[in-house]
Amino acid sequence: LPICTPDGAATVLDLEKQAAMLLAQAVPGAQDRIAVHGFCSDTRTAVHYYRLLDAGGRPTAAALARIGAAQARYSTRLGAALRHAGALAQAAPLERRAIIVVTDGEPSDVDAHDPRYLVDDAREAVLELRGRGVRVHCVALDAKAEPQLRAMFGFRGYRIVTNPAALPQALVRAYARTVL
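The model shown is predicted, which means the values in this text are computed figures rather than measured ones.

Time to look at the overall build of the protein. When helices and strands are counted, the protein shows six helices and five strands. Ordered by position from the N terminus, the helices and strands of the protein form the series α-β-β-α-α-β-α-β-α-β-α. Taking 2.2 N^0.38 as the reference for a compact globule, 180 residues should give roughly 16 Å; the C-alpha atoms of the protein span a radius of gyration of 15 Å, in line with that estimate. Projected onto its principal axes, the C-alpha positions of the protein cover 45 × 40 × 30 Å.

Put into structure tokens, the structure is as follows:
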């Protein structure tokens, strides 16, 4: 069932959480280990990373409740979050490693005064991860952020979903593209 606000309208974050829950439940194989993580930042010294469903964990009611309870807070220091996710992916005993970023826009933080700094940092994190064999792909919900998305993820490293209701289907496609 869709997650909705009190007025009945689903927010972008609600759609992101719903898509993550659907993907976690749709991938049953022991070969495929899905993790759902979230993050936010409040300057470079306070990057918060949340492990809502760990890789290999079953999407239990408690895990789905953690995903459903996630809230939007602060800013988006994407490079730091990618590095953290990459370290967790590298530690997993798997042949194929992939990170799919779901975002509603471009990176930002209150202490980053140069608008290119966080884009460049995210691009460096993506390149580092790809150099280590981790596939990185982005599903974004803001077409206005395309120049930054291209700079961070490369020409074919992202997909923009203009209809937020189509996010679950786009996430499944991104998953298939990155792990197959």
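Once that is clear, we can look at the confidence of the model for the protein. On average, the protein scores 84 in pLDDT, and the residues at 70 or more come to 92%. Every residue in residues 1-6 scores below 50 in pLDDT, and together they form 12 contacts with partners more than four places removed in sequence or on other chains.

This part takes up helix α6 (residues 167-179). If you check α6, its first and last C-alpha atoms are 18 Å apart, about what 13 residues at 1.5 Å a residue would give, namely 18 Å. Of the positions making up α6, those classed as buried are Leu-167, Pro-168, Ala-170, Leu-171, Ala-174, Tyr-175, Thr-178 and Val-179. Axial view of α6: buried residues confined to an arc of 160°, hence all on one face. In this fold, the buried residues of α6 make contact with α1 (12-26), β3 (97-103), β4 (134-140) and β5 (158-160).

Procedures and definitions
Residues numbered from 1 in each chain as written. Predicted model: local features only at pLDDT ≥ 70, side-chain atom pairs only at ≥ 80, totals over all residues. Heavy atoms only, no water. Helix = DSSP H or I, 4+ residues; strand = E, 2+ residues; numbered from the N terminus. Rg over C-alpha atoms; globule rule 2.2 N^0.38 Å. pLDDT = per-residue confidence, 0-100. Contact = heavy atoms within 4.5 Å. Expected span 1.5 Å × (residues − 1). Buried < 20%, exposed > 50% of the residue type's maximum accessible area, 1.4 Å probe, protein only. Arc of directions from axis to C-beta.

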